[in-house]
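These are the residues of each chain, in order.
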Amino acid sequence: MQSILEPWPWYISGPLIAIIMFVLIYFGKTFGMSSNLRTICAIGGAGKKVKFFDFDWKQQRWNLTVVLGAVIGGFIAHSYLSTPTNINLNPDTVNTLSTLGFENAGKSLLPAELYSWDAVFSLKGLAILIIGGFLVGFGTRYAGGCTSGHAITGLSSLQLPSLIAVIGFFLGGLIMIHLVFPLIFG
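Cut-offs applied
Residues numbered from 1 in each chain as written. Predicted model: local features only at pLDDT ≥ 70, side-chain atom pairs only at ≥ 80, totals over all residues. Heavy atoms only, no water. Helix = DSSP H or I, 4+ residues; strand = E, 2+ residues; numbered from the N terminus. Buried < 20%, exposed > 50% of the residue type's maximum accessible area, 1.4 Å probe, protein only. Contact = heavy atoms within 4.5 Å. 1 Å grid on protein atoms, 1.4 Å probe; cavity = no way out; pocket = protein on both sides within 12 Å on 5 of 7 lines; lining within 4 Å. Points joined across faces, edges and corners; volume = space filled by probe spheres on them. Nonpolar A, V, L, I, M, F, W, Y, C, P; charged D, E, K, R; others polar. Disulfide = S-S within 2.5 Å. Phe/Tyr/Trp six-rings, centres within 6.5 Å; stacked < 30°, edge-to-face > 60°. Lys NZ or Arg CZ within 6 Å of the ring centre and 35° of its normal.

(A) Quick look at the overall build of the protein. Of regular secondary structure, the protein possesses 10 helices and zero strands. Written out in order from the N terminus, the α and β elements of the protein read α-α-α-α-α-α-α-α-α-α. Counting only C-alpha atoms, the protein reaches 50 × 45 × 35 Å along its principal axes. Relative to its 186 residues, the protein shows a buried fraction of 16%. Across the protein, contacts joining residues at least 24 apart in sequence account for 48% of those joining residues at least 6 apart.

(B) Inspection of the side chain of Ser 34 at higher detail. Residue position: Ser 34 is located in the loop between α2 (10-26) and α3 (35-43). A relative accessible area of 19% places Ser 34 in the buried class. When neighbours within four sequence positions are excluded, Ser 34 is seen to be in contact with Thr 140, Gly 145 and Cys 146.

(C) Structural view of the layout of surface pockets. If you add up the space inside the largest pocket, you get close to 1,000 Å³. Taken together, 32 residues form the lining of the largest pocket, with Ile 128, Gly 132, Leu 135, Val 136 and Met 176 sitting closest to its centre. Of all the secondary structure elements, the ones that give two or more residues to the lining of the largest pocket are α6 (112-115), α7 (117-120), α8 (123-143) and α10 (160-185). Class assignment for the residues of the lining of the largest pocket results in 22 nonpolar, eight polar and two charged.

(D) A look at the state of the cysteines. Tallied over the entire structure, the rule returns zero disulfides. Considering cysteine sulfurs only, Cys 146 is the nearest to Cys 41, which forms no disulfide, with 15 Å between them.

(E) Quick look at the environment of Phe 52. Structurally, Phe 52 can be placed in the loop between α3 and α4 (61-81). The spatial distance from the C-alpha of Phe 52 to the C-alpha of Cys 41 is 9.8 Å, given a sequence separation of 11 residues.

(F) Representation of the packing of aromatic side chains. Scanning the entire structure with this criterion turns up 10 aromatic pairs. For the ring pair Phe 75 and Tyr 80, a centre distance of 6.3 Å and an interplane angle of 85° mean the geometry is edge-to-face. A ring pair is formed by Phe 181 and Phe 185, whose centres lie 4.7 Å apart and whose planes are at 45°; its orientation type is tilted. Of the two residues, Phe 181 and Phe 185 are both situated in helix α10; the distance of four residues between them amounts to about one turn of the helix. A relative accessible area of 12% places Phe 181 in the buried class. Aromatic rings pair up to connect Phe 102, Phe 181 and Phe 185 into one cluster. It is Arg 38 that lies over the ring of Phe 52; its NZ or CZ is 4.3 Å from the centre. Sitting above the plane of the Phe 55 ring, Arg 38 keeps its charged end 4.1 Å from the centroid.

Keep in mind these values describe shape, not function.
Next comes the structure, spelled out in structure tokens:
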């Protein structure tokens, strides 16, 4: 059980990801979560109104299975395999987060200031969800895929646009955490 609860070392998880990517490439498939949103919209009949959603979604059933597995796996991991744990954060990070209003920084994986129903249904929480959701959706469509699609499928098949997108994702994350995050929570 301990091997499931602990992070796997790179020499196990890396080759497993490589094997999965070889199989996907061999069968002409690409991996990515955001493409499933298009598939779900096509299943719902959006193809009757918008040409982008008018395609044979049944060819993407295998990828919907990946999403379903991620949801079920996340539920199992959270409900049965998670133990409350302190996170070994740098004391400077804890102090910075404390000044931004995070009272229990490092005491749980999901801070209540972001991931509680009270936070979600506050004006600030709703604004973050709506604006963040729009930006993620726009960015995913503009970049031609999500982080998993570009970073796993795109990089493993040596696509230059994916390398550029992944660099952009990291730069965007750095800008967000160092410039925008303090403005939102400061």
